[in-house]
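# Structural overview for review
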Amino acid sequence: MVTSSVPRLVIAAPSSGSGKTTVATGLMAAFAARGLAVSPHKVGPDYIDPGYHALATGRVGRNLDAYLCGPELVGPLFAHGARGCDLAVVEGVMGLYDGAAGEGELASTAQVAKLLRAPVVLVVDASSQARSVAALVHGFVSWDPEVRVGGVILNKVGSDRHEELLREALEAVGVPVLGVLRRAPQVDTPSRHLGLVPVAERGAAAVEAVAAMGAQVADGCDLEGLLGLARSAGSLSGAGWDAAEVLGSSPPPPLPVPTPGAAPPDPRFGPGRASSSNAGRAESTGLRPVVAVAGGAAFTFSYAEHAELLAAAGAEVVTFDPLRDEQLPDGTRGLVIGGGFPEVYASELSANEPLRKAVAELALGGAPVAAECAGLLYLCRELDGRPMCGVLDAEARMTGRLTLGYRDAVAVGDSSLVAAGGRMRGHEFHRTVVEPGAGAAPAWGVRAPERRVEGFVQLGVHASYLHTHWASAPGVARRFVERCRTS
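Thresholds, definitions, all that
- Residues numbered from 1 in each chain as written.
- Predicted model: local features only at pLDDT ≥ 70, side-chain atom pairs only at ≥ 80, totals over all residues.
- Heavy atoms only, no water.
- Helix = DSSP H or I, 4+ residues; strand = E, 2+ residues; numbered from the N terminus.
- Contact = heavy atoms within 4.5 Å.
- Buried < 20%, exposed > 50% of the residue type's maximum accessible area, 1.4 Å probe, protein only.
- Salt bridge = Lys/Arg side-chain N within 4 Å of Asp/Glu carboxyl O.
- Pairing = 2+ DSSP bridges.
- Polar contact = N/O pair within 3.5 Å; in protein donor to acceptor, adjacent residues only side chain to side chain.
- pLDDT = per-residue confidence, 0-100.
- Axes fitted to C-alpha atoms, helices over the stretch in contact; angles between N-to-C directions.
- Parallel < 35°, antiparallel > 145°, perpendicular 65-115°, else oblique.
- Nonpolar A, V, L, I, M, F, W, Y, C, P; charged D, E, K, R; others polar.
- Phe/Tyr/Trp six-rings, centres within 6.5 Å; stacked < 30°, edge-to-face > 60°.

When helices and strands are tallied, the chain shows 15 helices and 24 strands. For the chain, the share of sequence-separated contacts (at least 6 apart) that also reach a separation of at least 24 residues comes to 77%.

Next up, the structure:
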């Protein structure tokens with residue numbers, strides 16, 4: 001039995017918009033600047049915040065989702081990411097006790113904190129309150145005795161007098177104030193229709209924003225007190241998650257020696273996943289088929305464990321940028337296109353006609369293709385009137401309606417990912433709609449919020465709006481790679 005004693009904190013809040021991302025990312029950056037190896041984590045299915053976490057720490061941002069992966073995998077996935085680190089910071093989701101709709105505490109920050117035996121730091125937006133902050137904090141502290149709220153960080157404090165009133169009120173609650181942050185619009189991160197703008201789209205501006213968060217938190221928070229609180233976390237028993245072990249496979253053969261001058265791997269994409277540079281791309285062999293993974297600014301949504309599972313299943317995982325690269329990586333035998341914002345880059349994606357044709361040729365030739373949400377849109381005939389890859393007889397367009405929520409899904413038929421009847425949990429988050437042509441074979445049967453079929457299965461293509469986490473069903477990666485070998 002392996003025991004993990006990595007110091008850790010869960011950063012939570014009474015509600016969304018309180019400043020969790022600013023505080024969590026700032027803490028990561030501040031502690032990393034002190035020379036600590038900081039492991040970044042995010043509760044829930046969010047893909048964007050982990051990008052900022054990775055920028056702050058230089059390590060892969062990882063998700064802890066008790067709905068997609070099951071509560072039993074939260075500890076192992078945490079231990080996998082935090083292995084060898086001095087500190088782990090876990091950013092929560094929504095309000096502390098908010099989780100999957102109608103499922104009690106499932107997938108809430110509170111549940112993850114309990115599973116990790118980690119103390120919680122409550123970030124409170126104090127901009128419109130004074131003495132009432134005590135009642136608010138008292139309610140969150142006393143709601144669930146198994147959740148240990150070890151401190152409060154007051155955010156958006158207006159003045160010295162405002163801070164004094166807040167501190168006086170909280171003395172009666174008995175929860176220490178571990179930080180006070182003043183209103184600082186310079187560290188705000190821009191948002192749009194699906195949340196924050198991803199790091200990959202902001203370049204130097206994202207680096208500056210993370211640096212500003214780190215400086216603000218270092219100046220306004222008691223870092224020593226927070227580190228002491230993190231060290232009070234209980235020990236976790238059990239081995240860390242390992243892609244090769246869950247697949248029952250031995251480690252893959254060594255990677256080929258990179259071409260001189262090739263770009264190093266991007267830490268945001270995790271081990272086994274190369275950068276989007278054309279240099280150093282490997283050709284498929286019979287043992288290690290090349291699986292191309294879409295990246296770049298238009299396709300930023302991906303869980304690091306997917307690439308790790310593909311590599312452990314024997315694939316050579318290579319990233320490419322559909323906005324820039326005109327051809328797929330040499331020797332591509334399979335294609336993974338995750339989520340992102342193709343609607344923002346529809347013109348640029350459409351203009352890259354050579355790559356659209358290469359994707360269509362690969363897919364229509366029967367190669368395995370796994371596409372989620374943005375990938376689904378990219379495979380359609382057109383998106384908002386602009387030509388896409390034309391693999392699927394469907395048209396996609398933006399709407400004003402947000403589709404959001406966890407989903408339970410059952411595979412309608414056999415595909416390159418899952419056998420008919422296979423069950424997976426997913427998450428849907430988009431403002432687009434896809435109108436299929438006649439006779440399309442669906443990918444999933446979905447139970448909630450209403451019974452319906454969803455997605456496409458065509459030749460080797462599995463395309464769907466559902467974002468899934470393959471750690472919950474690692475056989476998906478093995479099946480996909482085996483299909484790449486034989487297609």
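Now that the structure is up, let's keep going.
The next thing to look at is the environment of E146. Positionally, E146 belongs in the loop between α5 (132-143) and β7 (149-157). With relative accessibility at 62%, the residue E146 sits in the exposed group.

Attention now goes to the pattern of salt bridges. Considering all chains together, one arrives at 24 salt bridges under this definition. Between E316 and R288 there is a salt bridge whose closest N-O contact spans 3.0 Å. Within this pair, whereas E316 is found in strand β13 (residues 316-320), its partner R288 is found in the loop between α10 (243-247) and β12 (290-294), the two being separated by 28 residues in sequence. Taken as a pair, E316 and R288 share a single burial class, namely buried. Between R447 and D408 there is a salt bridge, with the nearest N and O atoms lying 2.6 Å from each other. Placement of the pair is R447 in the loop between β20 (444-446) and β21 (452-454) and D408 in strand β18 (residues 394-411), with a sequence separation of 39 residues. Overall, the relative accessible area of 44% leaves R447 in the partly exposed class. Look at the salt bridges and you will find they share partners, linking D160, E163, R167 and R182 into a network.

Working note: regular strand, side chains alternate between the two faces of the sheet. Of the two faces of strand β15 (residues 369-372), the one holding V369 and A371 and the one holding A370 and E372 are both buried throughout. Looking at chain direction, strand β14 (residues 332-337) and β15 are connected through three bridges and run parallel. Paired with L335 across the strands is V369, a residue of β15. Alignment of β15 against strand β23 (residues 461-464), held across four bridges, turns out to be parallel. Across the sheet, the residue bridging to A371 is A463, located in β23.

This part covers the side chain of Q216. Within the secondary structure, Q216 is located in helix α8 (residues 204-220). Judged by its relative accessible area of 15%, Q216 is buried. Within the structure, Q216 has its side chain in polar contact with the backbone oxygen of R182 (distance 3.0 Å).

Our focus in this paragraph is helix α11 (residues 304-312). Among the nine residues that make up α11, nine are buried, leaving the element largely enclosed by the rest of the structure. Phi for G314, located one or two positions after α11, is positive at around 110°.

A few words now on the confidence of the model for the chain. Here the chain shows a mean pLDDT of 89. Residues at 70 or above account for 89%. This model gives residues 251-285 a pLDDT under 50, and the stretch forms 67 contacts once residues within four places in sequence are excluded.

Turning to the packing of helix α1 (residues 20-33) against helix α9 (residues 223-230), a few remarks are in order. Put simply, α1 and α9 touch, their axes get as near as 12 Å, and they point 100° apart. Regarding the angle of α1 to α9, the classification is roughly perpendicular. Along the contact surface, α1 presents L27, A30 and F31, while α9 presents L223, L226 and L227. Classifying every residue of the contact of α1 with α9 by side-chain character gives six nonpolar, no polar and no charged.

Helical geometry note: an α-helix holds 3.6 residues per turn, so side chains three or four residues apart project in the same direction. Here helix α3 (residues 74-82) lies mainly inside the structure; seven of its nine residues are buried. For α3, the full list of buried residues reads V74, L77, F78, A79, H80, G81 and A82. Directly beyond the C-terminal end of α3, a positive phi value near 80° is found at G84.

Moving on to the sheet that holds β12. Strand pairs in the sheet, formed through backbone hydrogen bonds, run parallel or antiparallel to each other. Strand order in the open sheet formed by six strands is β13-β12-β14-β15-β23-β22, and the pairing between neighbours is mixed. Edge strands, defined here as strands with exactly one partner in the open sheet, are β13 and β22 (456-458). Ignoring strand direction, the axes of neighbouring strands in this sheet form an average angle of 15°. Two strands pair when backbone bridges link them, and β12 and β14 are joined in this way by four bridges, in the parallel orientation. Considered in β14, the bridge of A292 is made with L335.

Inspection of the entire model under this criterion finds seven aromatic pairs. Geometrically, the ring pair formed by Y47 and F301 is stacked, given 4.9 Å between the ring centres and 5° between the ring planes. Residue Y47 is found in the loop between β3 (38-43) and α2 (49-57), and its partner F301 is found in the loop between β12 and α11; the two are separated by 254 residues along the sequence. The exposure class assigned to Y47 is buried, which follows from its relative accessible area of 12%.

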